[in-house]
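Structure assessment
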Amino acid sequence: MSMFASARREWLVNPRRDLLAGTVVALALIPEAIAFSIIAGVDPAVGLYASVVIAITIAFVGGRPAMISAATGAMSLLMVTLVRDHGLEYLFAASILCGVFQIVIGLARLGRYVKFVSRSVMTGFVNSLAILIFLAQMPELIARGWQTYAMVAAGLAIIYGFPRITKAVPSPLVAIIALSVFALATGLDVRTVGDMGQMPTTLPVFHLPTVPLTWETLRIIGPIALTLAFVGLLESLLTANLLDDVTDTPSDKDRETRGQGIANIASALFGGMAGCAMIGQSMINVTSGARGRLSTFWAGGLLLVLMLALNTWVARIPMAALVAVMIMVSVGTFDWKSILRLPKTPVQSSIVMIATTITVVVTHDLSKGVMLGVLLSAIFFMRKAGKTIVVKALSPLDADVLRYRVEGQLFFGSADLFAAAFEHHGTPTRVEIDMTAAHIWDLTGVAAVDKIVFRYRRKGADVEVIGMNEASRSLVTQTGAHDKTHLPEGAGAH
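Residues numbered from 1 in each chain as written. Predicted model: local features only at pLDDT ≥ 70, side-chain atom pairs only at ≥ 80, totals over all residues. Heavy atoms only, no water.

**Observations concerning the overall build of the protein chain**
Across its full length, the protein chain holds 20 helices and six strands. In terms of overall size, the protein chain is more extended than a compact globule, its C-alpha atoms giving a radius of gyration of 29 Å where 494 residues would be expected to give roughly 23 Å. Principal axes of the C-alpha set define a box for the protein chain whose edges measure 100 × 55 × 50 Å. When each of the 494 residues of the protein chain is scored for burial, the buried share is 53%. Of the contacts made within the protein chain by residues no fewer than 6 positions apart, 82% connect residues no fewer than 24 positions apart. A total of about 22300 Å² of accessible surface is found on the protein chain, and carbon and sulfur atoms cover 66% of it. Of note, the protein chain has its 39 positive side-chain charges centred 6 Å away from the centre of its 33 negative side-chain charges. (Helix = DSSP H or I, 4+ residues; strand = E, 2+ residues; numbered from the N terminus. Rg over C-alpha atoms; globule rule 2.2 N^0.38 Å. Buried < 20%, exposed > 50% of the residue type's maximum accessible area, 1.4 Å probe, protein only. Contact = heavy atoms within 4.5 Å. Areas by Shrake-Rupley, 256 points an atom, 1.4 Å probe, with all protein chains shown as cover. Lys, Arg positive; Asp, Glu negative; His and termini not counted. Charge placed at Lys NZ, Arg CZ, Asp CG, Glu CD.)

What follows is the structure, encoded as structure tokens:
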């Protein structure tokens, strides 16, 4: 496919749907960007500028079309201490260093390894974020009066009912416009976007962080920058995986990793903070019909226009309309079938999913939940793989000869089972171990072979290990403790 055709496919696959979806996203970004700025302890302009710059930049350099990246809650929570103790300039510096780390990770092509996150962890990740999105709406619902509840109910009715009439326009956009017009016409006393904080009225300008270029500065910003880079990439790559599944289209994880870094550097240089992919806004975008990069670019560009030219009108949008949209996103994001599948799902997979979900919801920290899920998945996999090693005693050719055939994977998780499978009674004169159907993966596996060889040799037996594949034989030759003789391929070691 030519470069022009590829660009056309990524940018102009359905311009009308992309523009309409991007409009919904831009409107929903405003209160969230302001809220995340407040969480981080910075002026609302920092979060809004970040959302504009990151969205526009990632539209060009990202690896997942239609994914929305901007200022996020996961990232803002990590910035609180740095801003409180050292100020805004150090946040800008940390955001730039975060971007540098992400670019290095992308150049090292490590983004692709997100594929090792299991389906159970992904399901837990998605469900936990759906719950967090819903819980984040509670401050706008609790003790807000019947008017707010009625507006939210009406918004949900429009969101779910309007598609029955036509799908030409995204129903969330219709809900936002209809409720805004109603609130303005009736003078209804409900919270609005303007109550969240004041929007900036000037364009973002280029600004280098005014921090001393010293090792002390690096000591201050290094750890937080590395944490921001890790959490940002984790959330971005998992969101990209989710959108791959939802849209049935692939994404370039390494390009997305580099793109996140470039976008975060650009954000910090124009007065914004580091951000990452937003699962809620990304789901709004794709469920509204977006599939191309134009939607992401338009979301950032329109957000800038709304901030500067239409801020008076945007400030009057009732929060209830945006809450209804986010509740729709929460309900649509949660994998309800995962609950129905629990009775049929292996216990280990269910434990991983539930543990991931609970950890993220309780800690509000995506990285903790995903890391726990990955760790549990690895433990369960190793337990299962460790049981695949089989040592079969073959019929001896002579009474003083023991013959074994080993099948399966020999590594640290199966080494003890391997060693315990050999018969050590009596005084055989010869022991033959056939490893044609086995593979040795690590030093623990080599040590297990050494252990068996030495144990039989202490009894005076001649031990022959045969049939090793090339990789196993090379590992044993290089690291094994028992004496080896260079034999033809497939013969093994004495």
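**A look at the layout of surface pockets**
In this structure, the largest pocket occupies an estimated 850 Å³ of space. Lining the largest pocket are 34 residues, with E32, F36, G73, L132 and A136 positioned closest to its centre. For the lining of the largest pocket, the secondary structure elements donating two or more residues are α2 (15-40), α4 (73-86), α6 (119-135), α11 (279-287) and α14 (319-333). Considering every element that reaches the lining of the largest pocket, the biggest residue donor is α2, with seven residues. Among the residues making up the lining of the largest pocket, the classes are represented as 25 nonpolar, six polar and three charged. (1 Å grid on protein atoms, 1.4 Å probe; cavity = no way out; pocket = protein on both sides within 12 Å on 5 of 7 lines; lining within 4 Å. Points joined across faces, edges and corners; volume = space filled by probe spheres on them. Nonpolar A, V, L, I, M, F, W, Y, C, P; charged D, E, K, R; others polar.)

**Looking at the sheet that holds strand β5 (residues 430-440)**
The sheet built from four strands is open, its strands ordered β3-β4-β5-β6 with mixed pairing. Two strands in the sheet have a free side with no partner beyond their single neighbour: β3 (390-394) and β6 (462-466). On average, each strand axis in the sheet is tilted by 20° relative to the strand beside it, whichever way the strands run. The sheet strands contacting helix α19 (residues 443-458) are β4 (401-410), β5 and β6, and the helix crosses β5 at an angle near 175°. (Pairing = 2+ DSSP bridges. Axes fitted to C-alpha atoms, helices over the stretch in contact; angles between N-to-C directions.)

**Some points on helix α8 (residues 171-186)**
With 16 residues, α8 should cover 22 Å at 1.5 Å per step; its first-to-last C-alpha distance of 22 Å lies within 8% of that length. Restricting attention to buried positions, one finds in α8 the residues S171, P172, L173, V174, A175, I176, L179, S180 and A183. Against α2, α7 (146-161) and α14 lie the buried residues of α8. Count one or two residues on from α8 and you reach G187, which has phi positive near 65°. (Expected span 1.5 Å × (residues − 1).)

**Concerning the packing of α11 against α14**
It is at 10 Å that the axes of α11 and α14 come closest, and there the two elements cross at 90°. Classified by the angle between their axes, α11 and α14 sit roughly perpendicular to one another. Taken together, the residues of α14 that come into contact with α11 (itself represented by I279, G280, Q281, M283 and I284) are V325, M326, V329 and T333. For the contact of α11 with α14, the per-class residue count stands at six nonpolar, three polar and no charged. (Parallel < 35°, antiparallel > 145°, perpendicular 65-115°, else oblique.)

**Examining the pattern of salt bridges**
Within this structure, the stated rule accounts for 14 salt bridges. Close ionic contact of D244 with R64 constitutes a salt bridge, the shortest N to O distance being 2.7 Å. Of the two residues, D244 sits in helix α9 (residues 215-247) while R64 sits in the loop between α3 (44-61) and β1 (69-70), which places them 180 residues apart along the sequence. Three or more residues are tied together by salt bridges with common partners; here these are R403, R430, E432, D462 and E464. (Salt bridge = Lys/Arg side-chain N within 4 Å of Asp/Glu carboxyl O.)

**Considering the side chain of T72**
Position of T72 relative to the elements: it lies in the loop between β1 and α4. A polar contact of 3.4 Å, which involves the side chain of T72, links it to the backbone nitrogen of M75. Not counting residues within four places of it along the chain, the set of residues in contact with T72 comprises F36, C276, A277 and M278. (Polar contact = N/O pair within 3.5 Å; in protein donor to acceptor, adjacent residues only side chain to side chain.)

**Topic: the confidence of the model for the protein chain**
Summing up the model confidence of the protein chain, the mean pLDDT is 85 and the portion of residues at 70 or higher is 96%. Per-element confidence in the protein chain is highest for helix α10 (residues 253-269), whose mean pLDDT is 95, and lowest for helix α1 (residues 3-11), whose mean pLDDT is 75. Between residues 485-494, whose pLDDT stays under 50, and residues either more than four places distant or in other chains, the model counts 28 contacts. (pLDDT = per-residue confidence, 0-100.)

**Brief notes about the environment of A240**
You can see A240 is positioned in helix α9. On the accessibility criterion, A240 (1% relative accessible area) is buried. Sequence-wise, A240 and M67 are 173 residues apart; in three dimensions their C-alpha atoms are separated by 7.1 Å. Ignoring anything within four residues of it in the chain, the contact list for A240 reads R64, M67, S251 and K253.

**Considering the packing of aromatic side chains**
To describe a pair of aromatic rings, one takes the distance between the centres and the angle between the planes. Applying the stated rule across the entire model yields eight aromatic pairs. Each ring, one from W11 and one from F60, has its centre 5.0 Å from the other, and the planes form 45°; the classification is tilted. Of this pair, W11 sits in helix α1 while F60 sits in helix α3, and the two are 49 residues apart along the sequence. Residue F60 is classed as partly exposed on the basis of its relative accessible area of 47%. One aromatic cluster in this structure is built from W11, F60 and F297. It is R316 that lies over the ring of W313; its NZ or CZ is 5.0 Å from the centre. (Phe/Tyr/Trp six-rings, centres within 6.5 Å; stacked < 30°, edge-to-face > 60°. Lys NZ or Arg CZ within 6 Å of the ring centre and 35° of its normal.)

**Looking at the side chain of Q137**
Among the structural elements, Q137 can be located in the loop between α6 and α7. Classification of Q137 by relative accessible area gives buried; the value is 8%. When neighbours within four sequence positions are excluded, Q137 is seen to be in contact with V323, M326 and I327.

**A closer look at the nonpolar core**
Residues I30, M79, F125 and M273 are the most contacted members of the largest nonpolar core, which totals 108 residues. Considering each element in turn, this core owes the most residues, 13 residues, to α9. One finds V391, I433, I452 and V463 within the second-largest nonpolar core, a separate group that totals 26 residues. (Core = buried A, V, L, I, M, F, W, Y, C linked by side-chain atoms within 4.5 Å.)

**What to know about the packing of α2 against α4**
Between α2 and α4, the shortest axis-to-axis distance is 7 Å and the interhelical angle comes to 30°. Between α2 and α4, the angle falls in the class roughly parallel. Across from F36, I39 and A40 in α2, the residues of α4 making contact are G73, S76, L77, M79, V80 and V83. A class-by-class count of the residues in the contact of α2 with α4 yields seven nonpolar, two polar and no charged.

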